[in-house]
Structure formats: C-alpha cells, structure tokens
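These are the residues of each chain, in order.
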Amino acid sequence: MISRLTGKLIEKNPPQVVIDINGVGYEADVSMQTFYNLPPIGETVHLYTQLVVREDAHLLFGFASAEERATFRQLVKVSGIGAKTALGILSAMNADELAQAIAEEDVKRLSSAPGIGKKTAERMVLELRGKLVSHTVSDGLFAPAAVADESQDIINTLLALGYNEREAKAATKGIPKGTEVGEGVRLALKNLLK
C-alpha cells in the first residue's frame, strides 16, 4: 500500500494533483481543504495517502494530515458513502468540523455536503458516533499558500463539489473580498442552504 508521498508538486487541477517522485508522477485526488493549502507548483509537498482498488481502477487519494486520512477511512466504511463522496464531505468541512457535527448529531450540517441527503447524514451520525476525534493542531506539513483570486477559487471549489456555475456564482455573492478560501467555501455552502 502507498501510505505517504513526498516529492515535487508538478500539477494542480482541482481536485487532482500530480507529485513527481524520482521521475514518476503520482496522481492523487485531494479534498479542497488540502488543495488550497498546497504549496506552489515546483515546491516539495508531503501527503498522506489512501489507495482505493476497484474493479475498473486504482485510485490514490491524498490528505494534508493523518487525521484527515483517518476520517476518510471511517467515512468510506459508512454504508452508501464511497471514496468520491467521502472526499466531497472533507471538501465541504474539515475533519474537526465533521467530528463536531457527528458529536452534536447535526444532521442539517452533514446533509449540506454534496451527495449527502438526510438519511445518509443520519446513518453517518449512527455509524460514526464516537469514532471521530477532533484535532485542533494540524501536522504542519506545508504552510497555506497565498491565493490570488479568492472568489474564483471559491467558485472552482463549489464546481468541484458538484454545484453548477449559476449556483456557485450566486452562493459567492455577499462574501467579503479577501475572505480566505476555506472560510469562503463554508459561507457559500451556508448560502446554498438558504
């Protein structure tokens, strides 16, 4: 199993990244939480990984921290949640926020993630209660990168989460200019719930 990658970041196409390790490019899907904290192209990056083997593909998923990977592993154990849906959940909220939502049995918040309906959210609460732990300190594997155009990055994140362009643009209206991307995505998702 591939557990961790350390190499040069050579491509960033949400939600995929390519990491060059001694001339071999490893493609991994990452959550938007991880994506927006990646260093610039050409810099060294460290990702925890999870290899998912299906009949038709071998898929590699990358995470900024061991906690995010552990959360992903718990999510895919829930009936009805596959790897792509789990990644979408971790794009909509970080591992700490998810753990808090599960602990508080906040079905409304959980069902705000793309691909998660009320019944799946209730199943998540039932199956994950007590299994997710909130971590307030990240591994610090890389420093957050500066983002030139936050509003466009927020829209791109919403598009990657499955919303259409009209919904994404409408959800970003009213978000203050200069808002950090992660916070902007959270605000946009709240706007989509209204």
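None of the values given here were measured: they were computed from a predicted structure.

A.B. asks: Give a description of the overall build of the protein chain that names residues and reports values.
C.D. replies: Within the protein chain, the regular secondary structure consists of 9 helices and 5 strands. Listing each helix as α and each strand as β along the protein chain from the N terminus yields β-β-β-α-β-β-α-α-α-α-α-α-α-α. Considering only C-alpha atoms, the protein chain reaches an extent of 45 × 40 × 35 Å along its principal axes. When contacts within the protein chain are restricted to residue pairs at least 6 apart in sequence, those whose partners lie at least 24 apart make up 56%. When the accessible surface of the protein chain is summed, it comes to about 10100 Å², and 49% of that surface belongs to carbon and sulfur atoms. In the protein chain, the 22 positive side-chain charges and the 24 negative ones have mean positions that sit 5 Å from each other.

A.B. asks: Please provide a residue-by-residue account of the pairing of strand 1 (residues 4–13), values included.
C.D. replies: Bridge count for strand 1 against strand 4 (residues 44–53) is 5 bridges, and the pairing is antiparallel. Residue glycine 7 lies in a different strand from strand 4, and its bridge partner there is valine 45. Inspection of the sheet shows strand 1 paired to strand 2 (residues 16–21) by 5 bridges, in the antiparallel sense. Bridge assignment links glutamate 11 to a residue of strand 2, and that residue is valine 18. The antiparallel pairing of strand 1 with strand 2 creates a hairpin that spans 2 residues between the two strands.

A.B. asks: Talk me through the domain arrangement of the protein chain; I want residue IDs and the actual numbers.
C.D. replies: Domain parsing of the protein chain yields domain 1 (4–63), domain 2 (66–128) and domain 3 (150–193). A separation of 22 Å is found between the C-alpha centroids of domain 1 and domain 2. Tallying the contact residues gives 12 residues for domain 1 and 13 residues for domain 2. Across the domain 1 to domain 2 interface the summed buried area is about 1200 Å²; carbon plus sulfur atoms make up 62%. Contact with domain 2 buries area across many residues of domain 1, yet Gln33, Tyr48 and Phe63 alone supply 44% of it, more than any other trio. The tally of links between domain 1 and domain 2 comes to 1 salt bridge. A salt bridge links lysine 84 to aspartate 29; the shortest N-O distance between them is 2.5 Å. Counting across the domain 1 and domain 2 interface gives 7 residue pairs in polar contact (both at pLDDT 80 or more). Elements represented by at least two residues in the side of domain 1 that touches domain 2 include exactly strand 3 (24–30), helix 1 (32–35), strand 4 and strand 5 (58–63).

A.B. asks: Outline the sheet that holds strand 4, listing residues and values.
C.D. replies: Taken in spatial order, the 5 strands of this closed barrel run 1-2-3-5-4, and their pairing is mixed. Looking at each pair of strands side by side, their axes are set apart by 55° on average, direction ignored. Bridge count for strand 2 against strand 3 is 6 bridges, and the pairing is antiparallel. Looking across to strand 3, one finds that isoleucine 19 is bridged to tyrosine 26. Its contacts with the sheet put helix 2 (residues 66–75) on strand 4 and strand 5, and the angle it makes with strand 4 is roughly 15°. Contacts from helix 3 (residues 83–92) reach strand 3, strand 4 and strand 5 within the one sheet, and its direction differs from that of strand 5 by about 15°.

A.B. asks: I'd like to hear about the packing of aromatic side chains, residue by residue, with values.
C.D. replies: Two aromatic rings are characterised by how far apart their centres lie and by the angle between their planes. For the structure on display, the rule yields 3 aromatic pairs. For the pair phenylalanine 35 and tyrosine 36, a centre-to-centre distance of 5.3 Å together with 90° between the ring planes defines the contact as edge-to-face. Just as phenylalanine 35 is buried, tyrosine 36 falls in that class too. Ring centres of phenylalanine 63 and phenylalanine 72 lie 4.9 Å apart, and the angle between their planes is 45°; on these two criteria the pair is classed as tilted. With respect to class, phenylalanine 63 is no different from phenylalanine 72; both count as buried. Connected via pairs of aromatic rings, a cluster forms that spans Phe61, Phe63 and Phe72. Positioned above the aromatic ring of tyrosine 48 is the side chain of arginine 4, whose terminal nitrogen or guanidinium carbon lies 5.0 Å from the ring centre. One cation-aromatic arrangement involves lysine 12 over phenylalanine 35; the distance from NZ or CZ to the ring centre is 5.7 Å.

Calculation criteria
Residues numbered from 1 in each chain as written. Predicted model: local features only at pLDDT ≥ 70, side-chain atom pairs only at ≥ 80, totals over all residues. Heavy atoms only, no water. Helix = DSSP H or I, 4+ residues; strand = E, 2+ residues; numbered from the N terminus. Contact = heavy atoms within 4.5 Å. Areas by Shrake-Rupley, 256 points an atom, 1.4 Å probe, with all protein chains shown as cover. Lys, Arg positive; Asp, Glu negative; His and termini not counted. Charge placed at Lys NZ, Arg CZ, Asp CG, Glu CD. Pairing = 2+ DSSP bridges. Domains from an automatic or database assignment. Buried area = accessible area lost by both parts, 1.4 Å probe. Salt bridge = Lys/Arg side-chain N within 4 Å of Asp/Glu carboxyl O. Polar contact = N/O pair within 3.5 Å; in protein donor to acceptor, adjacent residues only side chain to side chain. Axes fitted to C-alpha atoms, helices over the stretch in contact; angles between N-to-C directions. Phe/Tyr/Trp six-rings, centres within 6.5 Å; stacked < 30°, edge-to-face > 60°. Buried < 20%, exposed > 50% of the residue type's maximum accessible area, 1.4 Å probe, protein only. Lys NZ or Arg CZ within 6 Å of the ring centre and 35° of its normal.

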